[in-house]
Structure formats: structure tokens, C-alpha cells
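# Notes for the structure review
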Amino acid sequence: MNSKVIAFAREELEKYLKKVGYRAQIELGLFEDFGIDEKVEDPFFDDGYVIKVHNNKGFIAGVNERSVLFGVYRLLEEWGITWVRPGPNGDHLPENPSSPDLDINEKPSLRYRTMCIEGAISFENVLDMVDYIAKVGFNGYFVQFENAFQFFNAWYSHKQNPYKEPEEFNYQMVDDFMLKLDEEIHKRGLLFHRIGHGWHSFPFGIPDDPAKRPKEAPEGYVDICAEKDGKREVDKNGFYYNQLCFTRPRVINTIADAVIKYFNEHPEVDVLHFWLADALNNTCECEDCAKYRYSDAYVNIINEVTDRMKANGITKKIIPIAFLNTLWPPIQEKLRNKECLAMTWAPITRTYVKSFPNGHQRLTAPEYKINGYHKSYDIDENLSYLYEWQKEFEGDWIDYDYHLMWDQTLEAGGEGIAKIISEDLKNFESLGLKGLTTCQLQRNAFPTSIGMTTMAKTMWNKDADFDKIREKLYFGTFGRGAAQPLMEYFSTLSDCFDLALIKDEASGHDVIDKDADKSEDVAILKAKMEKAIKTMADIEPFIKAHFVNYDPCEHDSWRYLDLHRQIYTLLAKSILARINGEYEKANQLRDECFDFAFKNEDFLQPVFDCFRFSGIAKGRIRVANPEIGAPALI
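Residues numbered from 1 in each chain as written. Predicted model: local features only at pLDDT ≥ 70, side-chain atom pairs only at ≥ 80, totals over all residues. Heavy atoms only, no water.

So, about the packing of aromatic side chains. Counted by the stated rule, this structure contains 48 aromatic pairs. Measuring from ring centre to ring centre gives 5.7 Å for Phe 149 and Tyr 171, while their planes differ by 35°; the resulting arrangement is tilted. On the criterion of sequence distance, the pair formed by Phe 149 in helix α4 (residues 149–156) and Tyr 171 in helix α5 (residues 171–187) is long-range, its members being 22 residues apart. A centroid spacing of 5.1 Å and a plane angle of 50° characterise the contact between Phe 608 and Phe 613, whose relative ring orientation is tilted. Accessibility assignment for this pair places Phe 608 and Phe 613 in one class, buried. By the ring-pair criterion, three or more aromatic residues cluster together here, those being Phe 123, Phe 149, Phe 152, Tyr 156, Phe 169, Tyr 171 and Phe 177. Residue placement shows Arg 480 over the ring face of Phe 475; its charged tip is 4.2 Å from the ring centre. (Phe/Tyr/Trp six-rings, centres within 6.5 Å; stacked < 30°, edge-to-face > 60°. Helix = DSSP H or I, 4+ residues; strand = E, 2+ residues; numbered from the N terminus. Buried < 20%, exposed > 50% of the residue type's maximum accessible area, 1.4 Å probe, protein only. Lys NZ or Arg CZ within 6 Å of the ring centre and 35° of its normal.)

So, in C-alpha cells, the structure goes:
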């Protein structure tokens, strides 16, 4: 245990009690310090706390030190503080403080509650997120790749923003970031997850660092590349997507050596994710590889890794992934050393207009064919792969999901996605899922954090009520008097920005049918866009009337909301013009939308990823005039 965590918990308790003017005598410690005889299955991953406070005196006890900090934040929340969003002015202090007696004994519904780095980000964004996730009960933070250079570079290079000049930035700076990040994560007792991507590349002399990455394949590399259509060559999309001949002893040994070396050189890492190339239908077809499913070769490497972990006394977990080419479970190889493993399932192509069901509805996955994977956003089909994998591995399964990665930037009110998150999490137990890793934009609270807040609350308590979550969040974000009108406003916007229609998923088909009669869907969306534009115009006086608010958190919230109204009005007008067949006008309005966002990015930066928003709005809006049949916003 790291005593610094409880010391930090004490600092946080005293800091916030001083902010709200409370006097309290509260002891902090572990269960055993207070004679609490309660056990959890795995104290390294499992959390739980007991809070007993009467007349502002009492104690907070945790099953581990991380849980003590969670208990501190829970007490502060019960005493009126709202964790509104990450970043500056993200905590809302109560207007009329009170400190009720508390008797709470809780353990979270899910064992794994992990935030994963994504988007265009500054290092301050990451520090703000780590601070936030501890407050709302996540227990891990995941940094992808060797050091996540690409995410930071997307911000510091300011690639899409015409109003900003690139900042000085290099790979060494990110290495320095990781040292500081490790300190901040472990100061809170959170679990530091690392890597995922890259095990097929950096062990073979192809590092993440662009300055060191070879332009040509290293000597002998092409010889171990996947054979496709009788040829071995680097994937046309580059090293990152390049599959290898994963049955080759040289490949297996090089990867296994690299994992052990990484564990030895990075004792700060608590959980290591182990993935191969992030690509599909480019699996090696050589005679040796074709004898197996891709997952058989994957499992063979996993077994070699875990054998070496045990031989080297490494007791930490690695987490492989069922994803794209590895969605089908192995049929020849069997996982060994299962105590070293948890497994991730990543339904990256699923729809977010429909939630997971209560239990598996489809028990047979599509037939496996080498390089025959097809993208499907059907929920039950995606779950069928999980069901078949669970027969091979009965240990901990974690959903690696993307609720807040793309679609939430199109669904302006945020409540549609938040409800899907709530319903998904409530059904995890019936699906055999013990956790969620949310792969999402870090700047993700525009104009509210309804998605993240719903996720955090429901991961902790699967019975959490969505309406109560949003009501409390909106009270803290905008003030008690404004919460009810804004609940109606966001609900209306979420209905109008109908993802099923905007993304052409209303039919339920995986492939967009250009010949289908979509006139009714388009007519419905047209009416919704018109309603959205009017709703956002009508709310303007109400928003402006709150600009005199002097509470720092509410002050920023109202200005975020006003900018949100202007950005999404332009987006709605662009979609409406496209529906009307006015494609030049649609693109002009779309570009005005992006330009307005980038002009205001200095203020919006902590809550809204303008870089990713512009890309998503160009690539994921598929509605078009059915009479003209022109392409959508791509």
C-alpha cells in the first residue's frame, strides 16, 4: 500500500471542507483500522468503503487506500458538492451548505471502471481527467501506445485550427508527461493501464516516435509480414495496420521478450493491455497460419507471454482483446495461466441507437472465414462473439466501448447516448461483463457531462436512476432554478438530433442501402432539424439572462451553453440544407460551424474537442435528399 494515497485523501477532505466552511472531525483509514470485518474477492481491483458520520464526527474506511479517497469524495458529494466536469471551475459548491449524518456501506457494481485516453489533448486535459475520474469513482486510467504521442500531437500541432500556430512539441515531452502522470495516478491509488496498441511493431524496430520511425521496413521485417494473396509486404495503410505472420517462432519470441522487458522496465504499470495490429481482413494466409483461426495464433502468443510472466515472478495482469480479427474465439489453442488474464471485448462497429439486451439473444457467431470479417452494427451479432469467447475464457470480461468517442458529438442534447450508457451498464451482469473501459474523447462535457456522469454513477451502482442523475447534475451545472427548463431543452435536442436518422441506421441494416425508399425518414429528420433550430433560438434569452451569474462553475456553464447553441444551430442548418438538396449551402454552413468552434476554442478547450468534432461531422452524417441521392456530409 502507498500511504501517500490516504495523505492525499486527507488533503482533499480538508481543502473542500474549508471551501464550504464546514468543521468536521473525520478519521480516515482501511477497514482493518476500524475493525470492519468485510472482504472482497480481490483488493487490488475491487473497491468499497464505509462512511459513518454523526454530528460532523466519524470515519471513512476503505477496503484499499484508493477506496478511502472515493469515500472522501462521496461524503463531500453528500454534503452538497457536485463534480460537474473535468477542468477549470469544474466543481460546484453548495449555495446553502448542510452536513447530514451519513451511514453508507457500498461496493461498486463493476470491478473494472477505466478511462482510456483519446482525442486531441493537452497534458492539462489529462491531468484534469485523472483528477475528475477519482472524484466520480473510476478506478483506472489507460494510456494507449508507448506514450500516446499521437493524441497530444493532435492538439499541440493545431492541425485543423486556422487561428492557432503549432506549438513546440516532441516525443521526449510526452515521455516527461508520462512520469508526471504516473505520479498523479498513483497519488490517488488509481490503476495505471498501458500500451494496448503496438506489440506488433515496436518490438520489431518500429517505435511510436515519428522521428525514429523508419520510412522503409527494417531489414528482415518484410519476411515476417502477413502473406496476403501470395505476397508478403507492409500493409498499404502503414506499419500501424500491418499484421505479421504470428505463427513464426521469431515473431512469437520477439513479442514475448518485449512484454517481459516492458514489465521489468516499467514497475509503475499496474495492468498491461496486449493487442496486435488494429486492422481487419489482412490476416496472414500462409500455409501455417491458414491452419488456424487468427485467435488461435493470438492465444499461442498469449500463452508464451504468461508462461514467461510466471517464470519471472510477474504477478500483474495482462489484458488481451477480442476485436475485429480476434472476435472469433480459438478452436485449437486453449488459454493457459488464466489467473494472469482478464479479457476485453471491443464491439467497435456496434450501433449506439440501441442498448445491450438483458442477456444474450444470439448464441452463434457468424461463420469464421479467414479475412472474411464484415462490419456490423447489430448489437446481438456483436454480442454473439462475446458469448462464444466466454465459453473459452470464464474469467473477467471487460467491455471496451466507444459511447463517448464519436456519436455524442452529433447528438446535441447528450441524453440519448447517456440513456444508452445507463441501459448498457444495467445489463452488464446478465451478459457476464465485469467492467467497462471507455475509449472516449477526454474533452467531453459540452455543454454538460451527462454521458460521463451517467457512466460513473451507473458503473458504481447499476440501479442508479438516470432521471435523478441528470437532475442533480443540471442543478450543479446551471443552478437549481434553471435545471428543470434545461432538462426539457436537452431532452428536446436529443430527440431532434436523432442519431438513427442522421447516421442512416434507422433501417437496422449494416450496409447503407442507396436504393431504399428513405423519404419518410428524411421528412421526419427535416421536421426535427427545423424544431431544433427553433428550440435553440428560443432558448437564447434564457441563457443570456444568466450571464450575470457570479458562481465560477455556473458562469462557465452558461457560456458553454451559449456557444453550444450557436455551433449546433449551424450544424442543424447544414443538415437541413443537405436534406433540401442544397449541397453547396450545406457545406458552407458546415464550414461556418467548424470555423466558429475553432475561433472560440481557447474558451471551449477543456470541454469540447473541436478537432475531432470537425472530423466526425464530416464523416458520420449520412443523410441525403432521397430524390437527388447525393452523398452525405463526407
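Past the structure itself, the notes keep going.
Let us look at helix α11 (residues 466–478). The end-to-end C-alpha separation of α11 is 18 Å, in line with the 18 Å expected for 13 residues at 1.5 Å each. Buried within α11 are the following residues: Phe 466, Ile 469, Arg 470, Leu 473, Tyr 474, Phe 475, Gly 476, Thr 477 and Phe 478. The inward-facing, buried residues of α11 abut β4 (82–83), β5 (91–92), α9 (415–426), α10 (450–460), α12 (480–496) and α16 (552–579). At the N-terminal end of α11, a side-chain oxygen is found 3.1 Å from the backbone nitrogen of Asp 467, two or three residues along, and the residue is Asp 465. Phi turns positive, to about 100°, at Gly 479, one or two residues after α11. (Expected span 1.5 Å × (residues − 1). Contact = heavy atoms within 4.5 Å. Polar contact = N/O pair within 3.5 Å; in protein donor to acceptor, adjacent residues only side chain to side chain.)

The step from Phe 446 to Pro 447 runs through a cis peptide bond, and the omega angle for that step is 5°. Of note in the backbone geometry, Asn 55 takes a positive phi value of approximately 55° without being a glycine. Among the structural elements, Asn 55 can be located in the loop between β2 (49–54) and β3 (57–62). A residue is classified by how much of its surface remains accessible, and Asn 55, at 55% relative accessible area, is exposed. We note that Asp 504 has phi near 60°; this positive angle belongs to a residue other than glycine. Along the chain, Asp 504 turns up in the loop between α13 (499–502) and α14 (519–538). Relative accessible area serves as the criterion here: at 9%, Asp 504 is assigned to the buried category.

Ranked by size, the top nonpolar core spans 199 residues in total, and within it Tyr 141, Phe 152, Phe 274 and Phe 497 carry the most contacts. Per-element accounting of this core gives the leading share, 13 residues, to α16. Setting aside chain neighbours within four positions, we find Phe 152 in contact with Ile 117, Ile 121, Ser 122, Phe 123, Val 126, Asn 147, Phe 169, Val 174, Phe 177 and Met 178. (Core = buried A, V, L, I, M, F, W, Y, C linked by side-chain atoms within 4.5 Å.)

Below, the discussion takes up the packing of α4 against α5. In the contact formed by α4 and α5, the axes pass within 10 Å of each other and the chain directions differ by 115°. By the angle between their axes, α4 is roughly perpendicular relative to α5. As α4 runs across α5, the sense of the crossing is right-handed. Taken together, the residues of α5 that come into contact with α4 (itself represented by Phe 149, Phe 152 and Tyr 156) are Tyr 171, Val 174, Phe 177 and Met 178. For the contact of α4 with α5, the class distribution of residues is 7 nonpolar, no polar and no charged. (Axes fitted to C-alpha atoms, helices over the stretch in contact; angles between N-to-C directions. Parallel < 35°, antiparallel > 145°, perpendicular 65-115°, else oblique. Left-handed = near helix turned anticlockwise from the far one by under 90°. Nonpolar A, V, L, I, M, F, W, Y, C, P; charged D, E, K, R; others polar.)

Attention shifts here to the confidence of the model for the chain. For the chain, per-residue confidence averages 94 on the pLDDT scale, and 96% of positions sit at 70 or higher. Every residue in residues 626–634 is under pLDDT 50, and counting partners more than four places away or in other chains gives 25 contacts. (pLDDT = per-residue confidence, 0-100.)

Our focus in this paragraph is the pattern of salt bridges. Scanning the entire structure with this criterion turns up 49 salt bridges. Linking Asp 47 and Arg 113 is a salt bridge whose minimum nitrogen-to-oxygen distance equals 2.6 Å. Taken together, the residues span a long stretch of sequence, with Asp 47 in the loop between β1 (25–30) and β2 and Arg 113 in strand β7 (residues 112–116) at a distance of 66 residues. As far as the burial class goes, Asp 47 and Arg 113 line up, both buried. Between Glu 184 and Lys 180 there is a salt bridge; the shortest N-O distance is 3.2 Å. Within this pair, Glu 184 and its partner Lys 180 are both found in helix α5, separated by 4 residues, close to a single helical turn. By relative accessible area, Glu 184 is classed as buried at 10%. We classify Lys 180 as partly exposed; its relative accessible area is 33%. Each member of the salt-bridge network shares a partner with another, and the members are Asp 91, Asp 131, Lys 135, Lys 180, Glu 183, Glu 184, Lys 187 and Arg 188. (Salt bridge = Lys/Arg side-chain N within 4 Å of Asp/Glu carboxyl O.)

Pairing in this open sheet of 9 strands is parallel, and the strands run β13-β12-β9-β8-β7-β17-β16-β15-β14 from one edge to the other. One side of each edge strand has no neighbouring strand; the edge strands of this open sheet are β13 (317–319) and β14 (321–322). Summarising the sheet, strand β8 (residues 140–144) and strand β9 (residues 191–196) pair through 5 bridges and their orientation is parallel. Looking at the pairing, Gln 144 lines up with Ile 195 of β9. Packing of helix α6 (residues 249–265) onto the sheet brings it into contact with β9, β12 (271–274) and β13, and relative to β12 it is tilted by some 160°. (Pairing = 2+ DSSP bridges.)

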